[in-house]
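Analysis of the macromolecular model
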Amino acid sequence: MNDSQDSNVLLNAEDVNKHFGGIQALNRVSFSLERGSITSLIGPNGAGKTTFINVVTGIHPPDSGEIRFAGEDIAGMQAHIVASKGIGRTFQLVELFGSLTVLENTMVGCHTRTRSGMLSCGFSLPKARKEEREIRDAAMESLQVVGLGSRAHDPISKLPLGERKLVGVARALSMRPKLLMLDEPVGGLAAHETKKLVDLIDTLRGRGLTLFIVEHNMPFVMSLSEKVIVLDEGTKIAEGLPEAVRTNEVVIKAYLGEEI
C-alpha cells in the first residue's frame with residue numbers, strides 16, 4: 001500500500017531490512033498503520049519486534065527499505081528528529097532518572113519541542129523561562145492523563161513498577177505524538193495494573209492517537225488490537241484480525257505451543 005494514495009495511512013513500512021553482523025533482524029518487513037488504530041506486533045523472542053521499533057524511531061538506521069510517516073520518508077533520520085515529527089515511544093526497561101521526581105522525569109519527554117538553546121537556559125533568559133513553564137504544564141497534563149497527577153512531586157523511586165511504566169507513557173505523551181509505540185508495556189505488571197493500562201489505551205485511542213504495541217501478553221494483545229502482525233526470525237509470517245492470527249497454523253508452529 002502506498003501512503004501517498006491513502007490519506008488514512010499514518011505509517012507505511014516497505015521492504016525494511018536490518019542486519020546485525022551475520023544476523024538478519026528484519027527481512028523485507030512491510031505493513032502499514034492506519035490513523036487512529038491499535039495494531040500489535042507479536043512473535044517469539046528474537047523475532048525482531050523491538051528492532052522494528054528501534055528502526056522506525058531512529059535508534060538504528062535500516063539497511064534498506066522505506067519508512068514513511070505522514071507521507072514523509074523518515075528512514076535513517078536521527079531519533080530526536082523522528083520524535084519531533086510526531087512518533088513517541090516507551091521502552092521495555094523503564095529508563096527513568098532515579099534522582100528526579102515523577103514530574104521532572106516526565107518533563108524529559110518534552111525536549112523535542114524546545115526551541116531555546118543551551119545558552120538561553122543557562123542564563124535563564126525570559127524565552128527559556130517561558131518555555132520551561134510550558135514544558136512543565138505539558139508534563140503535568142500528561143501525568144493527569146495517565147492518572148498520576150497526584151504523584152507528580154514524589155521521587156520516582158517511590159513508585160511501583162506499574163506506575164513507573166505509566167510515567168514512561170506520560171513522558172512519551174508529553175511530546176504530543178501522533179503515533180505512540182509501546183514496547184512490552186505490561187511486562188511484569190499485576191492484573192489490576194494491566195487493566196489500568198488497557199483503560200488508558202482506550203482513552204488515548206478515543207483522543208485520536210494511533211497506537212502500536214509490541215507485547216508477549218496474548219490476552220492483552222487480543223483483547224484490544226484491531227490488527228495483529230506476527231514476526232518470526234525477522235520475517236512477517238502473518239497479519240490480520242486477532243482471531244485469524246490466533247488460529248493461523250504458521251503462527252502456532254512458530255510459537256511451538258506457547259499460548260497465543
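Summary of the structure given here. Keep in mind the model is a prediction, meaning the values are calculated, not measured.

Among the structural elements, Leu11 can be located in strand S1 (residues 9–20). Residues Leu11 and Val56 lie 45 residues apart in sequence; the distance between their C-alpha atoms is 9.4 Å. If near-sequence neighbours (up to four positions away) are discounted, Leu11 is found in contact with Phe31, Ser32, Leu33, Val56, Ile67, Arg68, Phe69 and Leu179.

This next bit is on the packing of helix H6 (residues 161–173) against helix H7 (residues 191–206). Interhelical geometry of H6 versus H7 gives an angle of 15° and a closest axis separation of 10 Å. Taken as axis vectors, H6 and H7 run roughly parallel relative to one another. Crossing geometry of H6 relative to H7 is assigned as right-handed. Seen from H6, the contacting residues are Gly162, Leu166, Val169 and Leu173; seen from H7, they are Glu193, Lys196, Leu197, Leu200 and Leu204. Taken together, the residues that form the contact of H6 with H7 break down as six nonpolar, one polar and two charged.

Judged by how many residues are buried, strand S8 (residues 210–214) sits mostly within the fold: five of five residues are covered. Side chains of S8 alternate between two faces, with Thr210, Phe212 and Val214 and Leu211 and Ile213 buried alike. The pairing of strand S3 (residues 38–42) with S8 spans four bridges and is parallel. The residue bridging Thr39 from the neighbouring strand is Phe212, located in S8. The pairing of strand S7 (residues 179–183) with S8 spans five bridges and is classified as parallel. Along S8, the bridge assignment pairs Met181 with Phe212. At this point the chain moves from S7, through H7, to the parallel S8, and the crossover so formed is right-handed.

What follows covers the pattern of salt bridges. One pass over the structure, following the stated rule, counts 14 salt bridges. Where salt bridges share partners, they join Arg151, Asp154 and Glu163 into one cluster.

Sheets are built from strands paired through backbone hydrogen bonds, the pairs being either parallel or antiparallel. What the six strands build is an open sheet, ordered S6-S7-S8-S3-S9-S10; its pairing is mixed. The open sheet has two free edges, formed respectively by strand S6 (87–89) and strand S10 (235–240), since each of these has just one partner strand. Taking each pair of neighbouring strands and ignoring which way they run, the sheet shows an average axis angle of 20°. Across the sheet, helix H1 (residues 49–56) is in contact with S3, S6, S7, S8 and strand S9 (227–232); its angle to S7 comes to roughly 145°. Docked against the sheet, H6 engages S6 and S7, running at close to 155° with respect to S7.

Calculation criteria
- Residues numbered from 1 in each chain as written.
- Predicted model: local features only at pLDDT ≥ 70, side-chain atom pairs only at ≥ 80, totals over all residues.
- Heavy atoms only, no water.
- Helix = DSSP H or I, 4+ residues; strand = E, 2+ residues; numbered from the N terminus.
- Contact = heavy atoms within 4.5 Å.
- Axes fitted to C-alpha atoms, helices over the stretch in contact; angles between N-to-C directions.
- Parallel < 35°, antiparallel > 145°, perpendicular 65-115°, else oblique.
- Left-handed = near helix turned anticlockwise from the far one by under 90°.
- Nonpolar A, V, L, I, M, F, W, Y, C, P; charged D, E, K, R; others polar.
- Buried < 20%, exposed > 50% of the residue type's maximum accessible area, 1.4 Å probe, protein only.
- Pairing = 2+ DSSP bridges.
- Right-handed = clockwise from strand over helix to strand, strands pointing away.
- Salt bridge = Lys/Arg side-chain N within 4 Å of Asp/Glu carboxyl O.

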